[in-house]
Amino acid sequence: MKRLIIEPNGSFTVIEAPEAQPGLSIIPTWDTAFEPQQSKPSEQLVCYRCGTIKPDATGPNDPCPTCDAQHWVQALA
Ligand SMILES: [Zn+2]
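Residues numbered from 1 in each chain as written. Predicted model: local features only at pLDDT ≥ 70, side-chain atom pairs only at ≥ 80, totals over all residues.

Here we take up the overall build of the protein. Across its full length, the protein carries zero helices and four strands. The secondary structure elements of the protein, listed N-terminal to C-terminal, are β-β-β-β. For a compact globule of 77 residues, the expected C-alpha radius of gyration is about 11 Å, and the protein comes in at 14 Å, more than 25% above that figure. In terms of principal-axis extent, the alpha carbons of the protein reach across some 45 × 30 × 25 Å. Counting every position in the protein, which comprises 77 residues, the buried fraction comes to 5%. (Helix = DSSP H or I, 4+ residues; strand = E, 2+ residues; numbered from the N terminus. Rg over C-alpha atoms; globule rule 2.2 N^0.38 Å. Buried ≥ 20, exposed ≤ 12 C-beta atoms within 10 Å, placed from the backbone.)

Shown next as structure tokens:
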């Protein structure tokens, strides 16, 4: 999914991404029921706060270029 828009009338519009990209899980960590159905972790790191893919040029302690957070986690493929 590329974007989810909440419309003024309360409905949702989903904009699909042309190709799946590595990103954060949308399932809370305490909810293990759907864990087997999730895609497997990838090599890619993403920002834990906003999901931005970590640029190759940044080090492990460098801040996220989008939100300045310094918490990187393994993305789901
Ligand atoms: Zn971020």
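Having seen the structure, we can now continue with the description.
Tracing the chain through its elements places glycine 23 in the loop between strand E2 (12-15) and strand E3 (41-47). Each C-alpha atom, one on glycine 23 and one on phenylalanine 34, is 17 Å from the other, the two residues being eleven residues apart in sequence. Discounting chain neighbours no more than four positions away, the residues touching glycine 23 are Val46, Gly51, Ala75 and Leu76. (Contact = placed C-beta atoms within 7 Å.)

The next subject is the environment of glutamine 37. With respect to the helices and strands, the residue glutamine 37 is situated in the loop between E2 and E3. Owing to 7 C-beta atoms within 10 Å, glutamine 37 belongs among the exposed residues under this scheme. Sequence separation between glutamine 37 and isoleucine 26 is eleven residues; the distance between their C-alpha atoms is 12 Å.

Okay, unusual backbone geometry next. Look at aspartate 68: it is not a glycine, yet its phi comes out positive at around 70 degrees. Along the polypeptide, aspartate 68 turns up in the loop between E3 and strand E4 (72-76).

Here we take up the confidence of the model for the protein. The pLDDT averaged across the protein works out to 88; a share of 100% of its residues lies at or above 70. The lowest-confidence element of the protein is E3, averaging 88 in pLDDT; the highest-confidence one is E2, averaging 94. (pLDDT = per-residue confidence, 0-100.)

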